[in-house]
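If you want the building blocks of each chain, they are given just below.
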Amino acid sequence: MARFVLNETSYHGSGAIKEIVTEVKTRGFKKAFVCSDPDLVKFNVTSKVTDLLKSAGLDFELYSNIKPNPTIENVQTGVAAFKKSGADYLIAIGGGSSMDTAKAIGIIIANPEHEDVRSLEGAIITKNKCVPIIAVPTTAGTAAEVTINYVITDVEKKRKFVCVDPHDIPVVAVIDPDMMSSMPKGLTAATGMDALTHAIEGYITKGAWELSDMFHLKAIEIISRSLRDAVANKPKGRNDMALGQYVAGMGFSNVGLGIVHSMTHALGAFYDTPHGVANAILLPTVMEYNASATAERYRDIAKAMGVLGTENMAEAEYRKAAIDAVKKLSADVGIPADLKEIVKPEDVPALAKSAIADACTPGNPKDPTVEDIEKLYRSLL
């Protein structure tokens, strides 16, 4: 038996944000609690949506106390602000951080017994569905608008924890590439490599099956052909990346990920490392580690990434071809090749401990030991 959870409704394409007004009116929502990060507010990205609400006479309140790796404190302050606001639904505008914060707020408002935030960790199903969320991504990467996961940082304990709950999925996702057009090069590259990591880890995770495979292979294909153009700010590349990252989310949200994400969550908690950058650096190395547990799946990955002649390759060849294609894409979009600038060698044992305990670890195709994970970190120093 396998469960599959997707958005009730999603809109795709240029100008899709106009549909927000229709959805709000159709659903009879009264006041929005808009979650968006300070930079998006400052650079007038958030206002693309709030201006639509204003001109339609729809009430809203803006909440922007959101860090790139959202914290327990960001969530608790948001819960308090939501209660005061009189809002009855959420609009999340931003990358993973805005959407994750909105999910946690929406879940706690509907399930006040989790006000401590920490008790939401892991795969749990809360009693009640969260406050309805309309999610509007501004990056092409996290796919938080279509996933049942969110990640919160516990600053005190220096760790990130993953929450997996079918009750947190946004009811409406609005994937409008125009909302992503102001993403700078570096962020486009990093979030795009995050999306590729989702697709590849989702394709080789223990929970993978035919329905999820369909999404992951298509996502690998779309992302591989369009990320370079998106980084070069070509409209078709941006449009295709908006779709590719969403398709990856449709898959991995339902079958899980692996230790690339576990190791990345630890780096984010320790050093505030941008999630996509950390994923991109770790992905080829972890793919090498996992290769022996993936049967012929790397042949499919290499083919989806545009490698020719995969059907005639021996096992060692197609595995190398898949890993090389990932390395090449990563280098082409300007991602660093190692962790030298990020990790302090003395932190490796603590990072490995944090990674092994992460909610993504059980999905890895190969069961790692703490020593394995330490070795993987050290190999990139």
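A quick note: this is a predicted structure, and the numbers were derived from the prediction, not measured.

What counts, and at which threshold
Residues numbered from 1 in each chain as written. Predicted model: local features only at pLDDT ≥ 70, side-chain atom pairs only at ≥ 80, totals over all residues. Heavy atoms only, no water. Helix = DSSP H or I, 4+ residues; strand = E, 2+ residues; numbered from the N terminus. Rg over C-alpha atoms; globule rule 2.2 N^0.38 Å. Buried < 20%, exposed > 50% of the residue type's maximum accessible area, 1.4 Å probe, protein only. Contact = heavy atoms within 4.5 Å. Areas by Shrake-Rupley, 256 points an atom, 1.4 Å probe, with all protein chains shown as cover. Lys, Arg positive; Asp, Glu negative; His and termini not counted. Charge placed at Lys NZ, Arg CZ, Asp CG, Glu CD. Core = buried A, V, L, I, M, F, W, Y, C linked by side-chain atoms within 4.5 Å. Pairing = 2+ DSSP bridges. Axes fitted to C-alpha atoms, helices over the stretch in contact; angles between N-to-C directions. Parallel < 35°, antiparallel > 145°, perpendicular 65-115°, else oblique. Left-handed = near helix turned anticlockwise from the far one by under 90°.

Below, the discussion takes up the overall build of the protein. Helices and strands together make up the secondary structure of the protein, namely 14 helices and 9 strands. Against the 2.2 N^0.38 benchmark of 21 Å for 381 residues, the protein shows a C-alpha radius of gyration of 20 Å, consistent with a compact globule. For the protein, the spread of C-alpha atoms along the principal axes amounts to about 60 × 45 × 45 Å. Burial analysis of the protein (381 residues in total) assigns 60% to the buried set. Relative to all contacts within the protein whose residues are 6 or more apart in sequence, the contacts with residues 24 or more apart total 78%. Only carbon and sulfur atoms are counted for the fraction: they give 56% of the accessible area of the protein, which is about 14,900 Å². Taking the 41 positively charged and 47 negatively charged side chains of the protein as two groups, their mean positions are separated by 2 Å.

Bringing the environment of V171 into the picture now. Mapped onto the elements of the fold, V171 is located in the loop between β8 (159-164) and β9 (172-175). In this structure, the C-alpha to C-alpha distance between V171 and S10, residues 161 residues apart in sequence, is 8.4 Å. Contacts of V171, omitting those with residues within four sequence positions, involve N7, E8, T9, R27, P132 and I133.

Turning to the nonpolar core, a few remarks are in order. Grouped together as the largest cluster of nonpolar side chains are 73 residues, with contacts concentrated most on M193, L196, Y298, I301 and Y377. Core analysis: the next-biggest nonpolar cluster, separate from the first, contains 28 residues, Y63, I66, I105 and C163 among them.

The strand order across the open sheet formed by 3 strands is β5-β8-β7, and the pairing between neighbours is mixed. Edge positions in the open sheet fall to β5 (122-123) and β7 (149-154), since each of these has one partner strand only. Pairing of β7 with β8 involves 6 bridges; the strand directions are antiparallel. For Y150, the partnering residue across the bridge sits in β8 and is C163.

As for its placement among the helices and strands, K30 is situated in the loop between α1 (19-27) and β2 (31-36). C-alpha of K30 to C-alpha of G106: the two residues are 76 residues apart in sequence and 16 Å apart in space. What K30 contacts, discounting residues up to four positions off in sequence, is D59, D88 and Y89.

Despite not being glycine, V117 shows a phi value in the positive range, around 70°. By the element assignment, V117 lies in the loop between α5 (96-110) and β5. Since its relative accessible area comes to 0%, V117 is described here as buried. If you check the backbone angles, N233 has positive phi at about 65° while not being a glycine. Residue position: N233 is located in the loop between α7 (210-231) and α8 (235-255). Taking relative accessible area as the criterion, N233 reaches 46% and is therefore assigned partly exposed.

What follows covers the packing of helix α10 (residues 275-290) against helix α14 (residues 370-379). Put simply, α10 and α14 touch, their axes get as near as 10 Å, and they point 140° apart. Taken together, α10 and α14 sit at an angle that is classed as oblique. Viewed along their axes, α10 and α14 form a crossing whose handedness is right-handed. Residue-level contacts link T285, V286 and Y289 of α10 to D372, L376 and S379 of α14.

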